[in-house]
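Each chain, written out:
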Protein chains: 2
Amino acid sequence: MNNQYRKVYLDHAATTPVRTEVLEEMMPYFQEFFANPMSVHHFGQKSAEAVDLARGRATKLLAGSTTDEIIFTSGATESNNLAIYGICFANSDYGKHIITSRIEHHAVLEVCHHLEKLGYEVTYLPVDRCGLVNPDDVRKSLRKDTILVSVMHANNEIGSIQPIEEISRVVKENSKAYFHTDAVQSVGYLDVDINKMGVDLLSISAHKFYGPKGVGALYVRKGTKINPFIRGGGQEGGVRPGTHNVPGIVGLGKAAELVITDKLKESSRVLSLRDKLNSGIEKGIEDVIFNGHPLQRLPNNANFAFLGIDGEALLTAISEQGIYVSTGSACSSGEVEPSHVLLGIGIKPEFARGSLRFSLGRMTNEEDIEYTLLILEKEVRRLREISPLRRRV
Amino acid sequence: MNNQYRKVYLDHAATTPVRTEVLEEMMPYFQEFFANPMSVHHFGQKSAEAVDLARGRATKLLAGSTTDEIIFTSGATESNNLAIYGICFANSDYGKHIITSRIEHHAVLEVCHHLEKLGYEVTYLPVDRCGLVNPDDVRKSLRKDTILVSVMHANNEIGSIQPIEEISRVVKENSKAYFHTDAVQSVGYLDVDINKMGVDLLSISAHKFYGPKGVGALYVRKGTKINPFIRGGGQEGGVRPGTHNVPGIVGLGKAAELVITDKLKESSRVLSLRDKLNSGIEKGIEDVIFNGHPLQRLPNNANFAFLGIDGEALLTAISEQGIYVSTGSACSSGEVEPSHVLLGIGIKPEFARGSLRFSLGRMTNEEDIEYTLLILEKEVRRLREISPLRRRV
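Residues numbered from 1 in each chain as written. Chains lettered and ligands numbered in written order. Predicted model: local features only at pLDDT ≥ 70, side-chain atom pairs only at ≥ 80, totals over all residues. Heavy atoms only, no water.

Things to note about the sheet that holds strand β6 (residues 178-182) of chain A
Residues and elements named next belong to chain A. Reading across the sheet, the 7 strands line up as β2-β8-β7-β6-β5-β3-β4 and stay open at both edges, with mixed pairing between neighbours. The open sheet terminates on both sides in strands that have one partner only, identified here as β2 (70-73) and β4 (121-125). Pairwise comparison of adjacent strand axes, ignoring direction, gives a mean angle of 20° for this sheet. Direction of pairing for strand β5 (residues 146-150) relative to β6: parallel, over a ladder of 3 bridges. (Pairing = 2+ DSSP bridges. Helix = DSSP H or I, 4+ residues; strand = E, 2+ residues; numbered from the N terminus. Axes fitted to C-alpha atoms, helices over the stretch in contact; angles between N-to-C directions.)

So, the domain arrangement of chain A
Residues and elements named next belong to chain A. The domain architecture assigned to chain A consists of domain 1 (8-16 + 263-392) and domain 2 (20-259). Averaged C-alpha coordinates put domain 1 and domain 2 at centres separated by 28 Å. Contact residues are listed per partner, giving 37 residues for domain 1 and 38 residues for domain 2. Each partner contributes to the roughly 2,900 Å² buried at the junction of domain 1 and domain 2, and carbon and sulfur atoms together form 53% of this total. Together, K263, L298 and H340 form the three largest contributors to the area buried by domain 1 at its contact with domain 2, with a combined 25%. Counting across the interface, domain 1 meets domain 2 through 0 salt bridges. Here domain 1 is connected to domain 2 by 23 residue pairs in polar contact (both at pLDDT 80 or more). Elements supplying a minimum of two residues to the side of domain 1 that touches domain 2: α9 (246-284), β10 (301-306) and α11 (340-344). (Domains from an automatic or database assignment. Contact = heavy atoms within 4.5 Å. Buried area = accessible area lost by both parts, 1.4 Å probe. Salt bridge = Lys/Arg side-chain N within 4 Å of Asp/Glu carboxyl O. Polar contact = N/O pair within 3.5 Å; in protein donor to acceptor, adjacent residues only side chain to side chain.)

Observations concerning the relation of the copies chain B and chain A
Aligned on chain A, chain B shows an RMSD of 0.0 Å; the corresponding rotation is 180° and the shift along the axis is 0.0 Å. Within this description, the copies of the chain are treated as partners about a two-fold rotation axis. Nearest to the rotation axis, the C-alpha of S74 of chain B is located 3.0 Å from it, this being the minimum over chain B. (Least-squares fit on C-alpha atoms with pLDDT ≥ 70 in both.)

Re the packing of aromatic side chains
The full count for this structure, using the stated rule, is 23 aromatic pairs over all chains. Taking 5.2 Å as the distance between ring centres and 5° as the angle between the ring planes, the aromatic pair formed by Y85 of chain B and F229 of chain B counts as stacked. Here Y85 of chain B is found in helix α4 (residues 76-90), whereas its partner F229 of chain B is found in the loop between β8 (216-220) and α9 (246-284), with 144 residues between them in sequence. Here the aromatic cluster, defined as three or more aromatic residues joined through ring pairs, consists of Y85, F89, Y120 and F229 of chain A together with Y85, F89, Y120 and F229 of chain B. (Phe/Tyr/Trp six-rings, centres within 6.5 Å; stacked < 30°, edge-to-face > 60°.)

What about the packing of helix α10 (residues 311-319) of chain B against helix α13 (residues 366-386) of chain B?
Helix-helix packing is characterised by the crossing angle of the two axes and by the distance between the axes. Residues and elements named next belong to chain B. Contact geometry for α10 and α13: axes closest at 10 Å, N-to-C directions at 130°. Considered as vectors, α10 and α13 are oriented oblique to each other. As for how α10 packs across α13, the hand of that crossing is right-handed. Between α10 and α13, the residues in contact are A313, L314, A317 and I318 and I375, L376, E379, V380, R382 and L383, respectively. (Parallel < 35°, antiparallel > 145°, perpendicular 65-115°, else oblique. Left-handed = near helix turned anticlockwise from the far one by under 90°.)

Some details on unusual backbone geometry
Excluding glycine, most residues fall at negative phi; most peptide bonds, likewise, are trans. Residue and element names in this part refer to chain A. One non-glycine residue, D287, adopts positive backbone phi at about 55°. With respect to the element layout, D287 can be found in the loop between α9 and β9 (288-290). Overall, the relative accessible area of 35% leaves D287 in the partly exposed class. (Buried < 20%, exposed > 50% of the residue type's maximum accessible area, 1.4 Å probe, protein only.)

Thoughts on the layout of surface pockets
A volume near 610 Å³ is recorded for the largest pocket. What lines the largest pocket is a set of 24 residues, and nearest its centre among them are F89, H114 and L118 of chain A together with F89 and L118 of chain B. Taken together, the residues of the lining of the largest pocket sort by class into 12 nonpolar, 6 polar and 6 charged. (1 Å grid on protein atoms, 1.4 Å probe; cavity = no way out; pocket = protein on both sides within 12 Å on 5 of 7 lines; lining within 4 Å. Points joined across faces, edges and corners; volume = space filled by probe spheres on them. Nonpolar A, V, L, I, M, F, W, Y, C, P; charged D, E, K, R; others polar.)

Concerning the environment of R221 of chain B
All names here are of chain B. Tracing the chain through its elements places R221 in the loop between β8 and α9. For R221, a relative accessible area of 24% puts it in the partly exposed group. Along the backbone, R221 and S47 are 174 residues apart, and their C-alpha atoms lie at a distance of 25 Å. Ignoring sequence-local partners within four residues, the contact set of R221 consists of E69, I194, N195, G198, V199 and D200. Looking at R221, its side chain comes within polar contact range of the side chain of N195, at 3.1 Å.

Written out as C-alpha cells, the structure reads:
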C-alpha cells in the first residue's frame, strides 16, 4: 500500500476488522484456555463454558431464538450450504421443489444449481428494478412439493431489503415449505427477530459485524427436519461436526453483544454519511445511475454505475489513492461476467461493468466521504477523458 | 478448575495451544490488515499476500506439494469430507466402490456410511491387534469400480502408523483409484512426503500442531478429478468457497513452518517421555493392557486399558487432580458405545470402556510424567477398591 494517501475503507460488505473488545475476549482461548470443549476433563469444560456463553449471546442477536437452535459453522457460505442441502436432503420424500431469487449470494445460487443436477427443481424469482422480490411471485410459485424458500434479508451488492415478513407469511399460509434467509449483510444494521420474520433458518457470519473470519452460525428452528451437511463427530448435536473454533465462536458471541448495543445509533450514523456520499456523487458527477432501492436498503450501502467507465479501472485508480471499494461482491472477484445482481435488476451489462459498491462502517467519518467524493470526481473525469468506452454511451 | 494442583495436559491429540510465535504472526490480520483477500483493491492484496505466504509454508510441511495443490478448509473434518465426497461425486461414472479401514476417524467413517445410503459400496478393512491395516487386504479388496481408498496415516486414539507407502503402491499398481490419507495426527511428528507416501489427497488441521482451531487444509494432487463440497464463490479455485479465514490461514502457515524446524527433536523428546510413562504404568499398576502397536506408533501417544475400571471414572478422578487425558477421541465424547478403534483391534468392550488415551506435547516434561504416574497409581487403586466391576474381571 502507498502510505502517502489517506486510507478510506469502504468495503465493509466484503469484511470488517475485528473490534478491539472482541479480540480481547478471544485472546485467552488461543493459549490459556485452549482445550477442546468436547474433552470431558475440567480443562475442556472451561472451553465448553465459553462456547455456551457465546451461544447465549448469539440468541440475543437473533431475537426469539434459543441456544439449542444455534449451530456454529465456519461462516455464512457453510451456513447457507447446510441450510439448503440440509433441508433438501432431509425432506426429499415430501418434495423436491425450491424457490429462491435471482439475486441471492453465490453460496445460495451455486447450491441450487447443483441441486438441479441432482433432480431438484428450482424457481429463481425475478426482482424489480430496485432489487425487491414480490411476495405475490412467491405465492404463485409455491407448489405442493415446495420444501424450501430461500430469500436473502438484504442484498450484499445493492443493499435491497426484502419484505421478509410478507414473504414468510405467504410461505406459511400457502405451503409446508421451510423458509430460510441469508441475513449476513443485515444482522449488523437491521432488527433480526426470528419470530417476526417468520424464518425457520437464518445464516450469519461474524466477520461481517466486526467479529473474526472463519466463523458463522445457522439458526435452525426447533422441530425443523434437517440433515447434517459436513459429517463426522458429535459436535453441535451432530448437525455440525468438527472441533469447535473456540476463539472464533467467542469472538462471534462478543461481536453479537456489541451489535445489539450499537445497532440503532450506528445505523443512523452511517445512513447520514451514506446519504452525503450519494448526494455528493449525484451532484458532482454526471451520467451516474444509482443502483437499487433508494430507501428500502441497508444504511451503509451505496451502489452506482458510472456510465462509460470500466468499474475495475475506476476501482484500481481510487485504490491507488487509498480508497477501497469493490465492483461486485468480493466472493466473485475475478469473474468476467458482470454482476448477476445488477443484471437481475435490469441494469445493462455495460453499465453493470461500470458499477461500484461503497459499503460504509464503524470507522467511516465525514472527512472520508469528502475525500472519496474529491477523488471519485477527479478519477471519473480522467478516466472518461481517456476511455474509448465513453464514446459508445 | 481447582488451582491447588499441578496441571498436566496430556490431551494433545484432542487439541494443542497456539504457539506464541504463531499467535504473534496472526495478530496483524485481525485488525490492521483485515481486508478480504478476494477484494481487488490494494488493501485486499495485503491479505492475499498473507494467504499466499501461508500456502507456500504449507507446501513445505507437505513435502513435494505445490501451492496450487493446497486447499484451505475450516479443519480436518471438512478436509476429510471434501476429499471423500469430492472424489466420489466427481468419479461416480467410473465406479462407486470405496475402501477404508474400520478404525478411521468419524469424519471419514460417517461420510462413508452416508455414501452407502447414496448407492456407493464401502469395504471397511479390518486391522490387526496392533491397529495396522494389511496391504494385502487392500489388494484383495480393490475392484474395477474402486474410485477411492482412504486409510489414515496415524490413528488418533492408539497412534498406530499405517504402512501408507505399501498401501499406496498396492493401490497404484492394481487400480486407478485415488488414495487419500488423514494425516491430522501424524503431520506434527512424522515425515509427510506426498510423493514418497504416494497419496493423491491428504488432510491436516492446524490446531493439532500448535496452530489455531477452525482452519485446516486438503492437499489435492494436480490433475485429480474432484468436485467442490461446499459451494459458493470463487475462492480456492472454486473448490472451497467462503471468505478466507486470513488470521487462521496465517496461523496454519506459521505453525507448519515451526513444525518443520522442530519435528525431529520434539518427536524424540516426547518419545522418551512417553516411554517413561509406559514403563511407569506397566511397572506400577497391575492388570493393565497396552493398546496398539509398541513401536509403529506416534511418539506422543499411549493408550492403556485399566482392567476393572470405568475409564470415564478414572478420567474424572485424575482430572480433579489436574491431569487431563481422554477416553476415546474428543469428537466422540458423550457416546455410550465404547471406542470403535479399540473394538477394531479386538479389545473386549469392558476393557475398551476402561481405557485412557495419554497424548503428550511440547509442554510435557519429566515432572509431569512423574506426577501423572503418582496420581494414576493412587486413583486406580482407589477406584478398584470401590468398584463393583473389579470382581467381574
